[in-house]
Amino acid sequence: MAFLQSSSPRLGHGPYLSCGPYLQFGAATFKNPRWSGGGEPGIPGLLLNIDFSKPGNITLNGSTLSQVRDSSGGSRHFDQSTAVNQPTYVTGAINGLNAAQFDGVDDYLIGNAAARAVFSGRTEFTTIDVVKWTSAAVNNYAWFYSTAASGTTALASLYYSTFPAIFTTRRRVSADGGNTGNLGAGLNVTHIVTDTLKLATPLHVTWLDSVQKSSSGSGLTTGSMNTETALAHLMGSSTGAAGFLVGYYGQRLIYDHVLTTTEQTLIEAYLKAKWGTP
């Protein structure tokens, strides 16, 4: 079988090979997501998979989205019962795939009880987000996880303050420590943002489109993420009253461990091929 070689954006991870419906990375081969029947690599430990490209995961209220269902098997769904706060479901929004569009005014989704408990007590995890910010509005949140119902005490979040600075934060309730990374992302560009946190080290690392941008343990202490279930886990806002996302959301994944180099390369390559990111 002949493969076409393309360069991988991750330094030291080598090229990927493609042949019709398949992509190959070293010894690993998986179905090309741009071909019929393509699917996510079978990486263990998947806690959350919010994929707006799949109409079967979506409940619509006309042209707006009232629920997106988690396809990880963990039933960590996100809902919005108030019509004015529902994001618009846009066909072919990113690389020909459907995505949710948040208006930056009042659109956001609310995680259910299982989604609010996703980080509880964890000492490590990986989050991966496919997001396209379309405005340089200040405090533009893709997602926010908090122990306060109003979303005022951040445990974890992904947002930007002023372009091109996108920030990710990780915080423990007991120590109230944080870690922030400047990614230097582009406006009106679909990005893959990967974050890993391991509190035993402690170390928080952030990648933008498979290129490492930040690595630090500053403000973090060893232990678990938190000892209680969060009261707020939002997508598209920090509080439900402010910090609204202006742009498109394609997909969001959370794993229960820091991905290995092979695992991270595989899932990022899959998402790159699927969503057409840099």
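Notes on the structure follow. What you see is a predicted model; the values in this text were computed from it and never measured.

Looking at helix H2 (residues 261-275)
Step number 1: Its 15 residues place the ends of H2 21 Å apart at the C-alpha level, agreeing with the 21 Å of an ideal helix rising 1.5 Å per residue.
Step number 2: Among the 15 residues of H2, 11 are classified as buried, and the element is accordingly described as predominantly covered.
Step number 3: Buried within H2 we find Glu263, Gln264, Thr265, Leu266, Ile267, Glu268, Ala269, Tyr270, Leu271, Lys274 and Trp275.
Step number 4: At the C-terminal side of H2, Gly276 shows a positive phi close to 70 degrees.

Let's talk about the pattern of salt bridges
Step number 1: Counting across every chain of the model gives 4 salt bridges.
Step number 2: Notably, a salt bridge pairs Asp51 with Lys274, separated by 2.6 Å at the nearest N-O pair. Of this pair, Asp51 sits in strand S5 (residues 46-51) while Lys274 sits in helix H2; the two residues are 223 residues apart in sequence, bridging distant segments of the chain. Side by side, Asp51 and Lys274 carry an identical accessibility label, which is buried.
Step number 3: Between Arg252 and Asp129 there is a salt bridge, and its shortest N-O distance comes to 3.7 Å. Of this pair, Arg252 sits in strand S20 (residues 246-255) while Asp129 sits in strand S12 (residues 124-133), and the two are 123 residues apart along the sequence.

Describing the pairing of strand S6 (residues 58-61)
Step number 1: In this structure, S6 lies alongside strand S7 (residues 64-68), joined through 4 bridges in antiparallel fashion. By the bridge assignment, Ile58 is partnered in S7 with Val68.
Step number 2: Between S6 and S7, which pair antiparallel one after the other, the connecting turn spans 2 residues, and Gly62 there sits at a positive phi close to 75 degrees.

Considering unusual backbone geometry
For residues that are not glycine, phi is negative in most cases, and the peptide bond is trans in most cases.
Step number 1: Despite not being glycine, Ser75 shows a phi value in the positive range, around 55 degrees.
Step number 2: Among the secondary structure elements, Ser75 is positioned in the loop between S7 and strand S8 (78-79).
Step number 3: Of the residues examined, Ser75 reaches a relative accessible area of 40% and is grouped as partly exposed.
Step number 4: Of note in this structure, Asp209 is not a glycine but carries a positive phi near 50 degrees.
Step number 5: Its location among the elements puts Asp209 in the loop between strand S17 (203-208) and strand S18 (211-216).
Step number 6: Residue classification places Asp209 among the buried positions, given a relative accessible area of 9%.

A short note on the nonpolar core
Step number 1: Ranked by size, the top nonpolar core spans 33 residues in total, and within it Phe52, Trp143 and Tyr249 carry the most contacts.
Step number 2: In this structure Phe52 touches Ile58, Leu65, Val68, Tyr89, Asn98, Ala99, Ala100, Leu109, Met235, Tyr249 and Gly250, once residues within four positions along its chain are discounted.
Step number 3: Listed in part, the 16 residues of the second largest apolar core include Ala99, Val130, Leu253 and Trp275.

Reading the values: rules and limits
- Within each chain, residue numbers correspond to sequence positions counted from 1 in written order.
- Thresholds applied to this predicted model are a pLDDT of at least 70 for local features of residues and 80 or more for the giving and counting of side-chain atom pairs; totals over whole chains, interfaces and linings are not thresholded and use all residues.
- Hydrogens are left out, water is left out, and the side-chain values use all remaining heavy atoms of the structure.
- Under the DSSP-based scheme used, a helix requires at least four consecutive residues in state H or I and a strand at least two consecutive residues in state E, with every element numbered from the N terminus.
- For a helix, the expected span equals 1.5 Å multiplied by the residue count minus one.
- Per-residue accessibility, obtained with a 1.4 Å probe over protein chains only, is compared with the maximum for each type, and a residue is labelled buried under 20%, exposed over 50%, and partly exposed between these values.
- Note on definitions: salt bridges are taken to be side-chain nitrogens of Lys or Arg within 4 Å of carboxyl oxygens of Asp or Glu.
- At least two bridges found by DSSP between two strands is the condition for calling them paired.
- The set of buried Ala, Val, Leu, Ile, Met, Phe, Trp, Tyr and Cys residues whose side-chain atoms join them within 4.5 Å is what this entry labels a nonpolar core.
- Whether two residues are in contact is decided by their heavy atoms, any of which lying within 4.5 Å being enough.

On their own, these measurements won't tell you what the molecule is for.
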